[in-house]
Each structure stands twice: as structure tokens, then as C-alpha cells.
Amino acid sequence: MSAALLAMTPEPLERPLPTPEPEAMCPLNAAFADSQALRTTVDLGDDLFLVGAAADYAYRVEAGVLMSYRLLRDGRRQVVDFHLPGEFLGLDAGVDYTTAVQAVTPAVVAGMRRRRLSALAATDVRLTGALWAASVRVCQRSQDHAAILARQSATERVAAFLLAYARRVGSLDDMILPMSRQDMADFLGLAIHTVSRTLTQMEGSGLISARSSRHVRLVRRDRLEALCS
């Protein structure tokens, strides 16, 4: 496993990460439960794969959180998405991976050769449908990310991010953010000090409460949603 291109020391988590409720065992989950799926532990800050690597495998996140990212020509990092337990990676890749994937927390993934998935889907209509649905979810998240970046103010971007993450972990108002503020900043296209200042202003306005830099409670979800409307 290669070392992270941009290693960042995370702040310690105060309690276990919230895990979304598991979905019913769909054909895609069943495929990754196959004995031929390779389970791999990805240490914090390590890369699962890099940009340009042959996209031979697709992955299911079994535990922990990962993020996909690119390094821009000027050296800045662009975080493209965060991947939570039960979600899939690499299903929409072409011949090569177009993003790198790094562990935000210690993680476990199940990997399966994409050509084996294709062979299974060729004889299983339900698996074909599940692959299509998973790819659609990836496209929807990409569109949601583009919509966040199109917002002009930092407050709108941070509010949209908090609401979107809350939905992904089960619409919780009280949540632990596994990503650092630098990770958030690189996802939102903002400077880290802008993210920190915006969160402080939100807390001062009574929109959120923060017991730590990672433990956030959405106090006025209605007002946060109004900011994003």
C-alpha cells in the first residue's frame, strides 16, 4: 500500500464513527461477499489506488471512511468524494482510475476484479440492475458536489455539506465528522481558515453546536436548509 501523497495528521475521534444502517443483501452486496473478493486493510493516510493505475478492481467499503481526490497542476488537492461503509468504489472507472483514493480513517475494503463482476452480471439481471443503480448514485453525488461548488458563499457551501453528510449517515443531527477541516476545505474549494471561520460563525449564530472540531450538532436544520434553498 503506497504512502499518502499528502499525509495529514488527523485530530483524534472521540467516539466510534456512525455507520449507516446496512441495506438488504442486494445482488451487488452478495457479489462482494463472495469468497473470491479480496479483503484489504487500508491504514490511515494510505492510498488504496492512485491516479492512472489500471482499474482492474472495484471495491466495497466494509469499514472506515475513504476519500477520492486529485492533485492539481499547481499542487493543490481537490477532494472529489467521501466513501462510507456499504458504498462502492471503482464501478464507474474506465480503463484507468481517474482519481486516487485515500483512507480518512483506518478502513477495510472488499475488492473484486471488474471482469468477474461483468461475467456475473452477464448471467444475472438483478446484479446488472444493482450495478446500474450504484453507478447512478455515484453520478448523483457528483452532481450534488458540483451544485455545492456553484454556491457563491462559504456559508452556503458548508451548510450544504453538513446537510448532505447528515443525510448519508442516516439524517442524524448529532454526528462525528471523520474528515479533517483540511479535507472539508479541499472538498468545498475553500481555504481551511475559511471553513474554520464559517463553522465558528455558524455556532455563534446558533445554527450548529460543536463540542470539538469533529463533533457537530445541527441545532437549526431549518435555517441551514433555508441557506441552501
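See the structure above.
Presented here is a report on the structure given in the accompanying data block. (Residues numbered from 1 in each chain as written. Predicted model: local features only at pLDDT ≥ 70, side-chain atom pairs only at ≥ 80, totals over all residues. Heavy atoms only, no water.)

1. Describing the sheet that holds strand β6 (residues 88-89)
The cut-off we apply is this: What makes two strands pair is DSSP finding at least two bridges between them. Counting from the N terminus, the helices are the DSSP runs of H or I reaching at least four residues and the strands are the DSSP runs of E reaching at least two.
Pairing in this open sheet of four strands is antiparallel, and the strands run β1-β8-β3-β6 from one edge to the other. Pairing within the sheet leaves two strands with one partner each, and these edge strands are β1 (38-42) and β6. Note: strand β3 (residues 57-63) against β6, two bridges, orientation antiparallel. Residue pairing across strands places Y59 opposite L89, the latter belonging to β6.

2. Thoughts on helix α7 (residues 221-228)
Going by this rule: Under the scheme applied here, a residue whose accessible area is under 20% of the maximum for its type counts as buried, over 50% as exposed, and between as partly exposed, the area being computed with a 1.4 Å probe on protein chains only. By construction, the arc corresponds to the directions joining the helix axis to the C-beta atoms. Whether two residues are in contact is decided by their heavy atoms, any of which lying within 4.5 Å being enough.
Of all the positions in α7, only R221, L224 and C228 are classed as buried. Relative to the axis of α7, the buried residues are bounded by an arc of 60° and lie together on one face. Each element contacted by the buried residues of α7 is listed here: α4 (154-168), α6 (192-204), β10 (208-210) and β11 (215-218).

3. Overview of the side chain of R114
What counts is decided by this rule: A residue counts as positive if it is Lys or Arg and as negative if it is Asp or Glu; His and the chain ends are not included. The term salt bridge refers to a pairing of a side-chain nitrogen on Lys or Arg with a carboxyl oxygen on Asp or Glu at a separation within 4 Å.
Position of R114 among the secondary structure elements: in helix α2 (residues 114-121). Buried within the structure, R114 lacks any salt-bridge partner; its nearest side chain of opposite charge belongs to D56, at an N-O separation of 6.9 Å. Those residues within four positions of R114 in sequence are excluded, and the remaining contacts are A55, D56, Y57, A58, G90, L91, A93 and G94.

4. Notes on the layout of surface pockets
Selection criterion: Here a cavity denotes grid points, spaced 1 Å and computed from the protein atoms alone, that fit a 1.4 Å probe unable to get out, and a pocket denotes an open set having protein on both sides within 12 Å along at least 5 of 7 lines; residues with an atom within 4 Å of a point are the lining. Grid points are joined across faces, edges and corners, and a volume is the space filled by probe spheres set on the points. Each residue gets one of three labels, nonpolar for Ala, Val, Leu, Ile, Met, Phe, Trp, Tyr, Cys and Pro, charged for Asp, Glu, Lys and Arg, and polar for the others, Gly among them.
Volume-wise, the second largest pocket comes out at about 490 Å³. Lining the second largest pocket are 24 residues, with S68, V80, D92, T99 and V138 positioned closest to its centre. Looking at the lining of the second largest pocket, the elements that each hand over two or more residues are β4 (66-71), β5 (77-83), β6 and α3 (125-149). Ranked by the residues each element gives to the lining of the second largest pocket, the list is headed by α3, at seven residues. Classifying every residue of the lining of the second largest pocket by side-chain character gives 12 nonpolar, eight polar and four charged.

5. Section: the packing of aromatic side chains
Rules: Side-chain rings of Phe, Tyr and Trp, where Trp is taken by its six-membered ring, are said to pair if the distance between their centres is within 6.5 Å; with planes under 30 degrees apart they count as stacked, over 60 as edge-to-face, and otherwise as tilted.
Scanning all chains against the criterion turns up eight aromatic pairs. Ring centres of F49 and Y59 lie 6.0 Å apart, and the angle between their planes is 25°; on these two criteria the pair is classed as stacked. Residue F49 is found in strand β2 (residues 47-49), and its partner Y59 is found in strand β3; the two are separated by 10 residues along the sequence. F49 sits in the buried class, given a relative accessible area of 8%. A relative accessible area of 11% places Y59 in the buried class. In this structure an aromatic cluster arises from ring pairing among F49, Y57, Y59 and Y97.

6. Thoughts on α4
Selection rule: An expected span of 1.5 Å times one less than the residue number is assigned to each helix.
Compared with the 21 Å implied by 1.5 Å per residue over 15 residues, the 21 Å span of α4 between its first and last C-alpha is a close match. A154, R157, V158, A159, A160, F161, L162, L163, Y165 and A166 are the residues of α4 that are buried. Directly after α4, the chain includes G170, whose backbone phi takes a positive value near 105°.

7. Quick word on the nonpolar core
Rules: Here, nonpolar core refers to any group of buried Ala, Val, Leu, Ile, Met, Phe, Trp, Tyr and Cys residues whose side-chain atoms link them within 4.5 Å.
L162, I208 and L218 are the most contacted members of the largest nonpolar core, which totals 36 residues. Counting only elements with at least two residues in this core, the list comes to β4, β5, α4, α5 (181-188), α6, β11 and α7. Every residue in contact with I208, bar those within four places of it in the chain, is listed here: L162, L199, M202, E203, V216, R217, L218, V219 and L224. Listed in part, the 15 residues of the second largest apolar core include L28, L91, L127 and A134.

8. Notes on the packing of α3 against α4
Definition in use: For helices, the fitted line uses only the C-alpha atoms of the stretch in contact; every axis is such a line through C-alpha atoms, and the angle between N-to-C directions lies from 0 to 180 degrees. If an angle is under 35 degrees, it is roughly parallel; if it is over 145, roughly antiparallel; if it lies from 65 to 115, roughly perpendicular; otherwise it is oblique. For a crossing to be left-handed, the near helix must be turned anticlockwise from the far one by less than a right angle; the clockwise case is right-handed.
Contact geometry for α3 and α4: axes closest at 9 Å, N-to-C directions at 155°. As summarised for this structure, α3 and α4 are arranged roughly antiparallel, according to the angle between their axes. Regarding α3 and α4, the two cross each other, and that crossing is right-handed. Facing α3, whose interface residues are R141, I148 and L149, α4 presents R157, A160, F161 and R168. Of the residues belonging to the contact of α3 with α4, the class tally is four nonpolar, no polar and three charged.

9. Remarks on the pairing of β4
Here six bridges tie β4 to β5, and the two strands are oriented antiparallel to one another. Across the sheet, residue L66 finds its bridge partner in β5, namely H83. The loop that links β4 with its antiparallel partner β5 comprises five residues; one of these, G75, has a positive phi angle of about 95°. Relative to strand β7 (residues 100-103), β4 runs antiparallel, the two sharing four bridges. Paired with Y69 across the two strands is A100, which belongs to β7.

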